[in-house]
Amino acid sequence: MRYVQKLLVSVALLVLTLSAQAATGVFPKSTFDNLDYGLYWFGFGDSWQKAVPGQSNAYYSNTKPTIIYIHGWQNGSSLVQSRETFNRKDAGGPDLDLANSWLNAGYNVGILYWNQFADEGEVKDAEAKIWTATGPRAMRWRNSAGVYSNGPSQSAGDLLFASYRDNLAGYNGSNIRIAGHSLGNQMAIVLTKKISDAVTAGTMNSKLLPKRVALLDPFYSNYAKSYLGNKWVGEVCRTYVSELKTKGVIFEAYRSSAVTSTIFVGDANTNLMKMTAYTELKPQYFSTAQQTEKHNAAVWHYLWSFSFNAPAITGSSLLGLSAKTTDTRTKDLMNGTQKLVHNLGVNTKEPSDDTFTLQNR
């Protein structure tokens, strides 16, 4: 039994690790030679420009609706000079520019990178950096030679908050959405909490508070953490989400694999899922053994779903949940008592033929 448990843990960690292997060649080697993190804005075809406070950016307008993606664990990514972008063909997804439909709809499209901090052999070491600068590995970062260096005295959560705050100063749009994958869902929650606190304190414009946060195949490690006052990360995330919902933030969550909720590695955080508009995706075009691809499917399925109408619910005139679902409908699903379970379209990658059934949470 112990051998089986160890094997399951090893497989689960391998899946989470492999999910980091995404686009290579999009960024120059110099991006990985030195410490680089923060907000990048994207245009068509994975073109990009790093956001620099006070400087104009070819891919950003302060009046547009905005979608910002946050990646998760990135073990080994610095050595192979890999960063996640909006073409997910290397992660089992379509060979498409998944930012395309968002850009055509008039959105700013960005990614908040913390990949060199998240490049750790142990997922919990990367996880700690979201919350504290004094965790097991402090804030060390990895370069393209695979060498670690001492990092800043602020947590990754604080660093990304500062990048968000400084680069969106003067934002006057009507809608900001944040999507976090795997470990990155914790970063999305922490970032939104920091933004909310700043808005409450009167140090940040309320327009910068995200209207909607998407948790994509979210991961939370097991057991209490000393840096969280001996609370589980999932427990603290539930507290944050509960508070943020009272501030008007809408939460949606999507499960696409078994790996992020295995009891030997991760906390399924079922009670948090019940607090969100929650969907169970069934990517059956991948085999049971292809958990890496299933784990990554949550990202590209969500981004791609914006290209199509919101999905149908079998036996109902109401619509299901996707990136295209209206905020009002998503909020209704969040505040309801049922979850959505993938019904039809499970054997095709394109979201256009998806339908769902309603089940009790």
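The rules behind these values
Residues numbered from 1 in each chain as written. Predicted model: local features only at pLDDT ≥ 70, side-chain atom pairs only at ≥ 80, totals over all residues. Heavy atoms only, no water. Helix = DSSP H or I, 4+ residues; strand = E, 2+ residues; numbered from the N terminus. Rg over C-alpha atoms; globule rule 2.2 N^0.38 Å. Contact = heavy atoms within 4.5 Å. Areas by Shrake-Rupley, 256 points an atom, 1.4 Å probe, with all protein chains shown as cover. Lys, Arg positive; Asp, Glu negative; His and termini not counted. Charge placed at Lys NZ, Arg CZ, Asp CG, Glu CD. Buried < 20%, exposed > 50% of the residue type's maximum accessible area, 1.4 Å probe, protein only. Pairing = 2+ DSSP bridges. Axes fitted to C-alpha atoms, helices over the stretch in contact; angles between N-to-C directions. pLDDT = per-residue confidence, 0-100. Expected span 1.5 Å × (residues − 1). Bend = angle between axes of the 7 residues up to and from the residue. Salt bridge = Lys/Arg side-chain N within 4 Å of Asp/Glu carboxyl O.

Student: Got a sec to walk through the overall build of the chain? Specific residues and values, please.
Tutor: Looking only at helices and strands, the chain has 10 helices and 15 strands in total. In terms of overall size, the chain behaves like a compact globule, its C-alpha atoms giving a radius of gyration of 19 Å where 361 residues would be expected to give roughly 21 Å. Overall, the C-alpha framework of the chain stretches about 55 × 55 × 40 Å when taken along its three principal axes. In the chain, once contacts between residues fewer than 6 apart in sequence are set aside, the share between residues at least 24 apart is 73%. Here the chain has roughly 14,100 Å² of accessible surface; of this, 50% comes from carbon and sulfur atoms. When the 35 positive and 27 negative side-chain charges of the chain are each reduced to one mean point, those points stand 5 Å apart.

Student: Give me the lowdown on the pairing of strand S12 (residues 277–280), citing residues and values where you can.
Tutor: In S12, alternate side chains face the same way, and those of Ala277 and Thr279 on one face and Tyr278 and Glu280 on the other are all buried. Sheet analysis places strand S11 (residues 250–255) next to S12, joined by 4 bridges and oriented parallel. Bridge pairing links arginine 255 to glutamate 280 in S12. In this sheet, strand S14 (residues 338–344) lies alongside S12 in parallel orientation, the contact comprising 2 bridges. Considered in S14, the bridge of glutamate 280 is made with valine 341.

Student: Before we move on, could you go through the environment of alanine 323 and cite the residues and values that matter?
Tutor: On the secondary structure map, alanine 323 appears in the loop between strand S13 (312–313) and helix H10 (327–334). Exposure remark for alanine 323: the relative accessible area of 1% places this residue in the buried category. Here the alpha-carbon distance between alanine 323 and phenylalanine 306, two residues 17 residues apart in the chain, equals 5.0 Å. Residues contacting alanine 323, with those up to four places away along its chain left out, are Trp102, Arg177, Arg212, Tyr254, Tyr302, Ser305 and Phe306.

Student: Outline unusual backbone geometry, supporting the account with residue identities and numerical values.
Tutor: For aspartate 217, which is not glycine, the phi dihedral falls at a positive 40°. Note on placement: aspartate 217 falls in the loop between strand S10 (212–216) and helix H7 (233–246). For aspartate 217, a relative accessible area of 0% translates into the label buried. Of note in this structure, tyrosine 223 is not a glycine but carries a positive phi near 80°. Tracing the sequence through the fold places tyrosine 223 in the loop between S10 and H7.

Student: Give a description of the sheet that holds strand S15 (residues 355–360) that names residues and reports values.
Tutor: Taken together, 11 strands build an open sheet; the order of strands is S3-S2-S6-S4-S9-S10-S11-S12-S14-S15-S13 and the sheet is mixed. Every interior strand has two partners, whereas the edge strands, strand S3 (48–50) and S13, have only one. In the sheet, strand S2 (residues 38–42) pairs with strand S6 (residues 108–113) via 5 bridges, with the strands oriented antiparallel. When the bridges of S6 are listed, leucine 39 appears paired with leucine 112. Against the sheet, helix H5 (residues 156–167) touches S2, strand S4 (66–70), S6 and strand S9 (176–181), its axis set at about 50° to S2.

Student: Pulling in residues and values, what's your account of the confidence of the model for the chain?
Tutor: For the chain, per-residue confidence averages 93 on the pLDDT scale, and 92% of positions sit at 70 or higher. Predicted confidence is poor over residues 1–11, with pLDDT under 50, and the contacts of this stretch with residues over four places away or in other chains come to 4 contacts.

Student: Tell me about helix H9 (residues 291–305), and please be specific about residues and values.
Tutor: Between its first and last C-alpha atoms H9 spans 21 Å; for 15 residues at 1.5 Å apiece the expected length is 21 Å, and the two agree. A bend of about 35° at alanine 297 is the largest found in H9.

Student: Kindly report on the pattern of salt bridges, identifying the contributing residues and their values.
Tutor: Tallying each qualifying case throughout the model produces 17 salt bridges. Among the salt bridges present, the one from lysine 129 reaches glutamate 120, with a minimum N-O distance of 2.7 Å. Summarising the burial analysis for this pair, lysine 129 and glutamate 120 share the class buried. By relative accessible area, which is 1% here, glutamate 120 ends up buried. Through salt bridges that share partners, Lys193, Asp197, Glu243 and Lys247 make up one connected network.

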